[in-house]
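Close look at the chain arrangement
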Amino acid sequence: MNHSPTRLATLVLAAALGCSTTHAAAPLEVQLTGVQHARGAIRVGLYADEKTFRKEAQALALQQVPATPGNVVVRFDDLAPGRYAIMAYHDEDGNGEMNRRFGMFPTEGYGLSNNPQVVGPPAFADSAFEAGEKAHTITIELRY
């Protein structure tokens, strides 16, 4: 191997500190089931912090795909190992946000990782899952 002096110094420092200079990343596949119709889009937010969970503008990553009745699959590539949660919804009217009655109750189909039964605002802990260095697949059931 031919390393530049800077790269070699970085490798030596990393070895001395007991850490790696590379982080294994793997894809995460999210399978969404129960999509009722083809109007609008499916929006899937990936969160790594309980403080930003469900705040789509602060999602770690966001995917949007056209709605298709039945099942829809989205993929997040190069996801570093860690703890994450997902909130997905069927943006039926295409306005880019989940519609709610009285500002609280979803009026569009939605789902959470781990498919928890929730009363009130969903918690990050109930939807959290661990992603590792290998490809990972989760299934989320949309509820209307």
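Residues numbered from 1 in each chain as written. Predicted model: local features only at pLDDT ≥ 70, side-chain atom pairs only at ≥ 80, totals over all residues. Heavy atoms only, no water.

**Considerations on the packing of aromatic side chains**
Defined as follows: In this scheme Phe, Tyr and Trp rings, the latter by its six-membered ring, pair at centre separations within 6.5 Å, and the angle between planes marks the pair as stacked below 30 degrees, edge-to-face above 60, and tilted otherwise. Helix and strand labels come from DSSP, where a helix needs a run of H or I of at least four residues and a strand needs a run of E of at least two; each type is numbered from the N terminus. To sort residues, take the accessible area from a 1.4 Å probe on protein chains only and compare it with the maximum for the residue type: under 20% means buried, over 50% means exposed, and anything in between is partly exposed.
Applying the stated criterion to the full structure yields three aromatic pairs. Look at Tyr84 and Phe129: their rings are 6.4 Å apart centre to centre, the planes differ by 40°, and that puts the pair in the tilted class. Here Phe129 lies in strand S9 (residues 129-131) and Tyr84 lies in strand S5 (residues 82-91), a separation of 45 residues in the sequence. When sorted by exposure, Tyr84 lands in the same class as Phe129, which is buried. Here a set of aromatic residues connected by ring pairs shows up, and it is made of Tyr47, Phe53 and Phe124.

**Observations concerning the layout of surface pockets**
Stated formally: The distinction between a cavity and a pocket rests on a 1 Å grid over the protein atoms alone: a 1.4 Å probe fits inside a cavity but cannot get out, while a pocket stays open yet meets protein on both sides within 12 Å along at least five of seven lines, and a residue with an atom within 4 Å of a point counts as lining. Grid points are joined across faces, edges and corners, and a volume is the space filled by probe spheres set on the points. Any residue that is not Ala, Val, Leu, Ile, Met, Phe, Trp, Tyr, Cys, Pro, Asp, Glu, Lys or Arg is counted as polar, Gly included; the first ten are nonpolar and the last four charged.
The volume enclosed by the largest pocket comes to roughly 290 Å³. The wall of the largest pocket is formed by Arg54, Met87, Arg100, Gly103, Met104, Phe105, Pro106, Tyr110, Val118, Gly120, Pro121 and Pro122. Classifying every residue of the lining of the largest pocket by side-chain character gives eight nonpolar, two polar and two charged.

**What about the environment of Phe76?**
Convention followed: We call two residues in contact whenever any of their non-hydrogen atoms come within 4.5 Å of each other.
Topologically, Phe76 is positioned in strand S4 (residues 70-79). Since its relative accessible area comes to 4%, Phe76 is described here as buried. Sequence spacing of Phe76 and His136 is 60 residues, and the spatial spacing of their C-alpha atoms is 10.0 Å. Beyond its immediate sequence surroundings of up to four residues, Phe76 is in contact with Ala26, Pro27, Leu28, Val30, Val44, Leu46, Ala61, Leu62, Gln63 and Ile86.

**Overview of the pairing of S5**
Applied cut-off: In this scheme, strands are said to pair when DSSP sees at least two bridges between them.
By the criterion of burial, S5 is predominantly enclosed, with nine of the ten residues buried. As defined by bridge partners, strand S2 (residues 41-47) adjoins S5 across seven bridges and the pair is classed as antiparallel. Counted as the bridge partner of Ala41 is Asp91 from S5. Here S5 runs beside S9; their pairing, made up of three bridges, is antiparallel.

**Looking at the nonpolar core**
Here is the rule: Definition of nonpolar core: a set of buried residues of the types Ala, Val, Leu, Ile, Met, Phe, Trp, Tyr and Cys, connected through side-chain atoms within 4.5 Å.
Formed by 21 residues in total, the largest nonpolar core has its most connected members in Leu28, Val30, Leu32, Ile42, Val44, Phe76 and Ile86. Mapped onto this core, the elements with two or more residues apiece are strand S1 (26-35), S2, S4, S5, S9 and strand S10 (136-141). Residues in contact with Val30, not counting those within four places in the same chain, are Val72, Val73, Val74, Phe76, Ile86, Ile138 and Ile140.

**Here's the deal with the side chain of Arg143**
The criterion, for reference: Positive charges are assigned to Lys and Arg, negative charges to Asp and Glu, while His and the chain termini are left out of the count. By definition, a salt bridge exists where a carboxyl oxygen of Asp or Glu is found within 4 Å of a side-chain nitrogen of Lys or Arg. Identification of polar contacts relies on pairs of N or O atoms within 3.5 Å, with a donor-acceptor requirement for protein atoms, meaning one able to donate a hydrogen and the other able to accept it, and with residues adjacent in sequence counted only if both atoms are side-chain atoms.
Looking at where Arg143 falls in the secondary structure, it is placed in the segment after S10. For the buried Arg143, no salt bridge exists, and the shortest N-O distance to an oppositely charged side chain is 4.9 Å, to Glu141. Here the side chain of Arg143 touches Asn115 through a polar contact of 3.0 Å, landing on its backbone oxygen. Within the structure, Arg143 has its side chain in polar contact with the backbone oxygen of Pro116 (distance 3.0 Å). Excluding anything up to four places from it in sequence, Arg143 contacts Glu108, Gly109, Tyr110, Asn115, Pro116 and Gln117.

**Description of unusual backbone geometry**
Excluding glycine, most residues fall at negative phi; most peptide bonds, likewise, are trans. Positive phi, normally seen in glycine, also occurs at Phe102, with a value near 60°. Note that Phe102 resides in the loop between strand S6 (100-101) and strand S7 (105-106). A positive phi angle, near 50°, is found at Asn115, a position not held by glycine. By secondary structure assignment, the location of Asn115 is in the loop between strand S8 (110-112) and helix H2 (124-127). The partly exposed category is assigned to Asn115, whose relative accessible area is 25%.

Honestly, it's all geometry; don't read function into it.
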